[in-house]
Amino acid sequence: MNLQATPLGIGESKITGAFWHGFTEKARTQVIPYQWKALNDQIPDAEPSRALRNFRIAAGLEQGEFYGFVFQDSDVAKWLEAVAYSLMTHPDAELENTSDGVIDLVVSAQQPDGYLNTHFIIKGLDKRFKNLRDDHELYCLGHFLEAAVAYKQATGKDKLLNAMIKYVDLVDSTFGTEEGKLRGYPGHQEIELALVKLYGVTKDEKHLRLAQYFIDERGNRPFYFNGEHPKGTTNHRYHQSHAPVRDQKTATGHSVRALYMYAGMADVARETGDESLLSACRTLWEDVTRKQMYITGGVGQTHHGEAFTYGYDLPNDTVYAETCASIALVFFAQRMFNIEPKGEYADVMERALYNGTISGMSADGEAFFYVNPLEVVPEACEKDWGRKHVKAQRQKWFGCSCCPPNLARMLTSLGSYAYSKRGDTLYVNVYAGGSVDTQLASGTLGLDIATNYPHEGSAEIKIRQADKNAVLALRIPGWCEKYDIKRNSGIFYGDEADGYVFISDLRANDTIVLTMDMPVTMIQANPKVRENTGKAAVTRGPVVYCLEEADNGKNLHRVNLPFDANFIASYDKLFFGGAVRLQSEGKRMVCEDGDALYSKAAPASYEDITLYWVPYYLWANRGAGEMTCWVRCNNAIIQKKEK
């Protein structure tokens, strides 16, 4: 299998376009400092973290008991990783000094043999590696590996990296198929993709082999988790351990675990050339994105196990769609793209980035969603136990706060998702705006991209430096039905393949302008999606829109959107930093007041109204209220008769 592409390093691109620069700056200047306070339990009226306190206790610097979930350590790791990416683009001596101190603290808790997990250091090392199914030791190690690799790349400092390599050596001597080793694998996948990242730095085949082992061993019989829990019942589908990974045809179980595993599978397939593993990745990709993905890029339909369910089961109001799951989908999409650069992978990555991920954070960067619903009635969230997991407002922090630092590390590393390179070709995957300076196979390519995407559908690329063999691949999103490209003011017709237009013979001072029509589009779901039969969703470019009570009043379930509705799109610079808002014609069902629960059926009548739409990623920034993405849509409604 030919290795296809690699993401650009964080330092090879700068994000300056208004939309994503707003998010990356928010992550750097607001989210990272806010989460530092959260890790130190300094957020009033918020769930405590005590994650750093756990390390102080484990290191013998304080007395006390372990607090939190068994995976509490991972919050610190993800924060460190986000800091590392931030330092790559914005050196900050004070922040680096703070993170150096955190690394000193973490390493001071490490045991002589390399083991490092505060839960077991505090509660009893005799229990370590005894319950891989539930105890998240390898998951936490995975996150610290990713942080260590990023911190080494950002600062050149390897204290955390060396400590984690020592821990990996312990894991390698403990697990495997050799005699005397445990044939176990993690209950929560993550270490697989992290080990491949480690291998990318160390080039130590042992690290790649260990990642391959965890993937190949999973699901083999006898089931390892049954040996750990001989008197208990293990839901193997929840853990994606019900079958060897190459035999798994549908996405099942805990959605974040599944997608981390799929990303790790893709990484190993890429590094080893394992075609059977890549084939399994393609099969699982198709099931996730064509049968079990929300229009927002959310995944995981049920809160029972935070899990996938089955094809075309996509409830809007009881959905789980964890922020971490959309982020994990971005990881999987990026890795599949870099194996075989195709627009379908970048399309899904874009959908999740512009909708299902950033919806998990408030406009001020100081409140977060764990669950990202597509329909909300606040009273139902409060009084219906089946919807208790759904919140009408973001929270300051969580007892289980995996999502906020996950979002921080994704935003601070956005450049690695926006661009990829293969040989002499640079792929522009996300029109984030900014600059690129990278080394292609035959020389340096430098360019600047000016764009107001996704508010507008155009991008201007100016070539500063280019080798004669350099090729620029501009992505044409799947939502775009009409576009044109001008090169130095003349119409350009390039070769188009797999969702990209390829522009060769680049020269310094070339100006390339891509213009994409970006109409408002009404989308319908497959009729197999029972929840959305007779409904439509509204999109413009990559952005999904929704109706909120703040603009449209209560009882959004009575609203009807005519098929031939006209939409007006307008940019509102004062709406949470600037956003395109929509207006359209609409109808509202007129209902007689009364207390009768049931009455004789009669034709419904409707009144004309104006509907006001906001980007889904900005919902719930104006207080608690109803929200819906899918709206009833009927071209044969009966108009309200004039009296």
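As shown above, the structure is provided for reference.
Residues numbered from 1 in each chain as written. Predicted model: local features only at pLDDT ≥ 70, side-chain atom pairs only at ≥ 80, totals over all residues. Heavy atoms only, no water.

1. Focus on the overall build of the chain
Working step 1: A tally of helices and strands in the chain yields 19 helices and 25 strands.
Working step 2: On C-alpha atoms alone, the chain measures out to a radius of gyration of 25 Å, which is about the 26 Å that the 2.2 N^0.38 rule sets for 643 residues.
Working step 3: Along the first, second and third principal axes, the C-alpha set of the chain runs to 85 × 70 × 50 Å.
Working step 4: Counting all 643 residues of the chain, 58% fall into the buried class.
Working step 5: Residue pairs in contact within the chain that sit at least 24 positions apart in sequence constitute 69% of those at least 6 positions apart.
Working step 6: The averaged location of the 82 negative side-chain charges in the chain is 2 Å from the averaged location of its 70 positive side-chain charges. (Helix = DSSP H or I, 4+ residues; strand = E, 2+ residues; numbered from the N terminus. Rg over C-alpha atoms; globule rule 2.2 N^0.38 Å. Buried < 20%, exposed > 50% of the residue type's maximum accessible area, 1.4 Å probe, protein only. Contact = heavy atoms within 4.5 Å. Lys, Arg positive; Asp, Glu negative; His and termini not counted. Charge placed at Lys NZ, Arg CZ, Asp CG, Glu CD.)

2. So, the pairing of strand E10 (residues 458–465)
Working step 1: Bridge analysis of strand E9 (residues 443–451) against E10 gives six bridges, and the strand direction is antiparallel. If you follow Ile-449 over to E10, its bridge partner there is Ile-461.
Working step 2: From the end of E9 to the start of E10, which pair antiparallel, there are six residues. (Pairing = 2+ DSSP bridges.)

3. With respect to the packing of aromatic side chains
Working step 1: Per the stated rule, a full pass over the model turns up 36 aromatic pairs.
Working step 2: With a centroid separation of 6.2 Å and 55 degrees between ring planes, the pair formed by Tyr-185 and Tyr-224 is classed as tilted. With Tyr-185 in the loop between helix H8 (159–174) and helix H9 (191–202) and Tyr-224 in helix H11 (residues 224–228), this residue pair connects regions lying 39 residues apart in the sequence. Comparing Tyr-185 with Tyr-224, the two get one shared label, buried. (Phe/Tyr/Trp six-rings, centres within 6.5 Å; stacked < 30°, edge-to-face > 60°.)

4. Comments concerning the side chain of His-143
Working step 1: Along the chain, His-143 falls in helix H7 (residues 137–155).
Working step 2: We classify His-143 as buried; its relative accessible area is 0%.
Working step 3: Dropping the residues within four chain positions of it, His-143 is found in contact with Ser-74, Ala-77, Lys-78, Glu-190, Tyr-260 and Arg-409.

5. Section: the sheet that holds strand E6 (residues 419–422)
Working step 1: The strand order across the open sheet formed by six strands is E1-E6-E7-E11-E15-E14, and the pairing between neighbours is mixed. Edge positions in the open sheet fall to strand E1 (6–7) and strand E14 (495–497), since each of these has one partner strand only.
Working step 2: Across four bridges, the pairing between strand E11 (residues 471–475) and strand E15 (residues 500–503) is antiparallel. Residue pairing in the sheet places Ala-473 in a bridge with Phe-502 of E15.
Working step 3: Across the sheet, helix H15 (residues 343–357) is in contact with E11 and E15; its angle to E11 comes to roughly 55 degrees. (Axes fitted to C-alpha atoms, helices over the stretch in contact; angles between N-to-C directions.)

6. What about H7?
Working step 1: Over its 19 residues, H7 runs 27 Å from end to end, which matches the ideal 27 Å to within 8%, given 1.5 Å per residue.
Working step 2: Of all 19 residues in H7, 15 are buried, a share of seventy percent or more. (Expected span 1.5 Å × (residues − 1).)

7. Focus: the pattern of salt bridges
Working step 1: Counted under the stated rule, the structure contains 40 salt bridges.
Working step 2: When the shortest N-O distance is used, the salt bridge between Arg-290 and Glu-344 registers 3.6 Å. Residue Arg-290 is found in helix H13 (residues 275–291), and its partner Glu-344 is found in helix H15; the two are separated by 54 residues along the sequence.
Working step 3: The class for Glu-344 is partly exposed, based on a relative accessible area of 31%.
Working step 4: Here Asp-551 makes a salt bridge to Arg-581, at a shortest N to O gap of 3.3 Å. Residue Asp-551 is located in helix H19 (residues 549–552), and its partner Arg-581 is located in strand E22 (residues 579–590); the two are separated by 30 residues in the primary sequence. (Salt bridge = Lys/Arg side-chain N within 4 Å of Asp/Glu carboxyl O.)

8. Comments concerning unusual backbone geometry
Working step 1: Put simply, Arg-221 and Pro-222 share a cis peptide bond, and its omega is 0 degrees.
Working step 2: Here the bond from Tyr-453 into Pro-454 is cis, since omega is 5 degrees, no more than 30 degrees from zero.
Working step 3: As for its position among the elements, Pro-454 is in the loop between E9 and E10.
Working step 4: A positive phi angle is found at Phe-129, which is not glycine, with a value near 60 degrees.
Working step 5: Looking at Phe-129, the relative accessible area reads 7%, which means it is buried.
Working step 6: One non-glycine residue with positive phi stands out, namely Tyr-312, at about 70 degrees.
Working step 7: Structurally, Tyr-312 can be placed in the loop between strand E4 (307–308) and helix H14 (323–339).

9. Looking at the sheet that holds strand E16 (residues 511–516)
Working step 1: One open sheet accounts for seven strands, arranged E2-E8-E9-E10-E16-E12-E13; its pairing is antiparallel. The open sheet has two free edges, formed respectively by strand E2 (13–15) and strand E13 (490–492), since each of these has just one partner strand. On average, each strand axis in the sheet is inclined to that of its neighbour by 25 degrees, with strand direction left out of account.

10. A word on the pairing of E9
Working step 1: Note that strand E8 (residues 434–440) and E9 share seven bridges and pair antiparallel. Residue pairing across strands places Ser-435 opposite Asp-448, the latter belonging to E9.
Working step 2: Where E8 folds back on E9, the antiparallel hairpin that results is connected by two residues.

11. Points about the environment of Asp-484
Working step 1: Structurally, Asp-484 is set in strand E12 (residues 483–487).
Working step 2: Asp-484 has contacts with Val-513, Leu-514 and Thr-515, leaving out every residue within four places of it along the chain.

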